[in-house]
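Below are the chains, spelled out letter by letter.
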Amino acid sequence: MNPRLTFATAGRVLRQVRADHRTLALMIAVPCVLIGLLAWIFNGTPVFDKIGAPLLGVFPFVVMFLITSVATLRERSSGTLERLLSTPLGKGDFLAGYALAFGALAVVQALVATGFAIWVCGLDVAGPRWLLVVMAVVDAVLGTATGLFVSAFARTEFQAVQFMPAFVLPQFLLCGLLVPRNGLPRVLELLSDVLPLSYAVDAMRTLTTQVDAAGDVGRDVAIVAAFAVGAIALGSLTLRRRTP
Amino acid sequence: MPRGQVVGLLGPNGGGKTTLLRSIVGVQIIAGGTVAVLGEPAGSPSLRSRVGYVTQEASVYADLTVRANLNYFAALVGAPRADVDRVIEVVDLGAEVDSRVDRLSGGQRSRVSLGAALVGSPELLILDEPTVALDPVLRRDLWALFRRLAEEGTTLLVSSHVMDEATRCDRLLLLREGRLLADDSPDGLLARTGAANAEEAFFALIEAEAAA
């Protein structure tokens with residue numbers, strides 16, 4: 001890997017997103033609208049305080065998953081990936097460049113969404129607020145890494161978009177937002193133990209309820225980050241310099 | 001292939017031209033045999049900044065400007081920014097430099113794709129049907145550019161299925177159904193087959209092979 005090539009790639013990806021104003025606006029505005037809607041629905045109940053923060057972790061995961069899987073599919077089908085892999089660019093540079101670019105976008109998205117949830121919607125956070133942002137960014141990188149990996153199995157944009165419900169919704173159902181994880185049937189509970197989104201949601205929930213949350217949250221952040229690194233490693237196996 | 005030559009790779013569609021070019025670039029899974037490029041195995045890391053590859057379709061980023069595209073490819077091969085200005089001159093896109101690639105015409109787009117391979121001045125340029133779908137004027141300009149690059153010491157391997165482009169090459173390889181039918185200079189080919197032009201020479205070779 002070569003940091004210069006990684007940063008060149010991250011810069012190029014960011015330039016592409018910047019050229020697409022509508023995508024940028026949707027990326028920033030949609031989480032705020034959803035959080036606002038949720039706060040309104042559960043107005044006067046304690047529900048928003050319980051699920052608001054976990055959702056701040058789910059949004060970046062879903063959004064970055066979708067955007068990355070479509071973006072990499074585009075690279076594969078337009079021939080730019082083949083061209084890139086005939087240059088000195090390493091596979092690691094390519095993947096890290098994408099992770100870096102979408103990680104940076106996630107910082108902006110997380111800052112705006114978290115600020116909106118806390119100051120506009122009155123979300124109560126007992127633990128350190130900056131950890132909410134850290135967790136959201138790690139979730140976004142996980143989404144990017146998973147999207148990169150999954151895009152290898154999609155041949156068309158139609159397939160890529162449908163991998164979202166296939167990969168993301170089961171994790172969403174099992175992550176403890178609908179039913180606490182220890183209340184799930186045993187098999188499903190074990191399954192939820194090996195899904196990264198469960199740890200992301202656990203961390204967000206700990207943050208909202210405990211003042212000294214840093215230790216527990218740090219462990220969850222590390223687990224989610226490990227999943228992201230694993231997904232990037234798997235993704236690099238799907239990038240082949242030589243293809244038939 | 002000697003340095004500074006324009007070598008034409010000709011043959012009908014589906015004859016294996018792209019497969020051969022991709023093997024030389026090192027992005028093709030090779031079923032058997034070896035491919036050596038500039039004295040090294042094809043696809044070696046050291047070759048990646050010495051070989052420029054232009055695919056059949058313009059493989060550049062449609063949502064970026066011409067300059068942003070060239071800057072990125074220049075960064076990948078470690079070429080200085082000044083080289084981007086030089087290439088913009090060479091491919092004659094000075095007026096479109098700040099336009100997004102998806103707003104350009106087909107011919108301009110393929111010149112951006114060519115420019116992306118020219119940054120960093122590779123020693124060997126692999127061009128897969130660069131003149132397909134271009135009007136006659138652009139085609140002539142592009143061949144003039146190839147000639148100029150060759151005079152400056154670049155070696156070019158250009159594929160085409162348009163036989164009249166054969167006369168512009170120093171050397172011709174005729175490929176049909178994965179087999180090399182001929183490897184000769186354009187004049188040598190015409191002399192050998194007694195044909196009036198490259199297209200007839202090609203037909204003569206196919207018939208000779210069928211008779212053998």
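None of these values were measured; they are calculated from a predicted model. (Residues numbered from 1 in each chain as written. Chains lettered and ligands numbered in written order. Predicted model: local features only at pLDDT ≥ 70, side-chain atom pairs only at ≥ 80, totals over all residues. Heavy atoms only, no water.)

Quick word on the overall build of chain B
So, step 1. Of the regular secondary structure elements, chain B holds seven helices and eight strands.
So, step 2. A compact globule built from 212 residues would reach a C-alpha radius of gyration of about 17 Å, and chain B, at 18 Å, matches this within 12%.
So, step 3. Dimensions of chain B, computed from the C-alpha atoms along their principal axes, are close to 55 × 35 × 30 Å.
So, step 4. Residue burial in chain B is summarised as follows: out of 212 residues, 50% are buried.
So, step 5. Taking the intrachain contacts of chain B between residues at least 6 apart in sequence as the baseline, contacts between residues at least 24 apart amount to 66%.
So, step 6. Put simply, chain B has 21 plus and 28 minus side-chain charges, and the middle of one group is 4 Å from the middle of the other. (Helix = DSSP H or I, 4+ residues; strand = E, 2+ residues; numbered from the N terminus. Rg over C-alpha atoms; globule rule 2.2 N^0.38 Å. Buried < 20%, exposed > 50% of the residue type's maximum accessible area, 1.4 Å probe, protein only. Contact = heavy atoms within 4.5 Å. Lys, Arg positive; Asp, Glu negative; His and termini not counted. Charge placed at Lys NZ, Arg CZ, Asp CG, Glu CD.)

Re the layout of surface pockets
So, step 1. The volume enclosed by the largest pocket comes to roughly 660 Å³.
So, step 2. As for the largest pocket, its lining consists of 24 residues, and the residues nearest its centre are Arg 76, Ser 77, Leu 81, Glu 82 and Thr 243 of chain A.
So, step 3. Element by element, the count of residues in the lining of the largest pocket is highest for helix α3 (residues 47-78) of chain A, at four residues.
So, step 4. Here the residues of the lining of the largest pocket sort into eight nonpolar, nine polar and seven charged.
So, step 5. What the second largest pocket holds in volume is close to 500 Å³.
So, step 6. Around the second largest pocket, the lining is made up of 24 residues, and of these Gln 16, Asp 20, Ala 71 and Arg 74 of chain A together with Asp 63 of chain B lie nearest the centre.
So, step 7. Looking at the lining of the second largest pocket residue by residue, the classes come out as twelve nonpolar, five polar and seven charged. (1 Å grid on protein atoms, 1.4 Å probe; cavity = no way out; pocket = protein on both sides within 12 Å on 5 of 7 lines; lining within 4 Å. Points joined across faces, edges and corners; volume = space filled by probe spheres on them. Nonpolar A, V, L, I, M, F, W, Y, C, P; charged D, E, K, R; others polar.)

Quick notes on a nonpolar patch on the surface
So, step 1. Taken together, the side chains of Leu 26, Val 30, Leu 34, Leu 37, Trp 40 and Ile 41 of chain A define a hydrophobic patch exposed on the protein surface, amounting to about 620 Å² of accessible area.
So, step 2. One can find Val 30 of chain A in helix α2 (residues 21-41). (Patch = residues over 30% accessible without salt bridge, like charges linked within 9 Å, V, L, I, M, F, W, Y side chains within 5 Å. Areas by Shrake-Rupley, 256 points an atom, 1.4 Å probe, with all protein chains shown as cover. Salt bridge = Lys/Arg side-chain N within 4 Å of Asp/Glu carboxyl O.)

Considerations on the nonpolar core
So, step 1. Counting 75 residues, the largest nonpolar core has Leu 84 and Phe 94 of chain A together with Phe 73, Leu 114, Phe 146, Leu 156 and Leu 174 of chain B as its most contacted members.
So, step 2. Those residues in contact with Leu 114 of chain B that sit more than four places away from it in its chain are Val 54, Val 91, Leu 127, Leu 142, Leu 145 and Phe 146 of chain B.
So, step 3. If you look at the next biggest cluster of nonpolar residues, it comprises 41 residues, including Ile 51, Leu 55, Ala 200 and Met 204 of chain A. (Core = buried A, V, L, I, M, F, W, Y, C linked by side-chain atoms within 4.5 Å.)

Looking at the environment of Ile 29 of chain B
So, step 1. Structurally, Ile 29 of chain B is set in the loop between α1 (17-25) and β2 (36-37).
So, step 2. Separated by 161 residues in the primary sequence, Ile 29 of chain B and Leu 190 of chain B place their C-alpha atoms 35 Å from one another.
So, step 3. Setting aside residues no more than four positions away along its own chain, Ile 29 of chain B makes contact with Arg 242, Thr 243 and Pro 244 of chain A.

Side note on the confidence of the model for chain B
Residues and elements named next belong to chain B.
So, step 1. Taken as a whole, chain B shows an average pLDDT of 88; of its residues, 100% reach a score of 70 or greater.
So, step 2. By mean pLDDT, helix α7 (residues 198-211) is the weakest element of chain B at 82, and helix α2 (residues 66-77) is the strongest at 95.
So, step 3. In the predicted assembly, ipTM is 0.87 and pTM is 0.88. (pLDDT = per-residue confidence, 0-100.)

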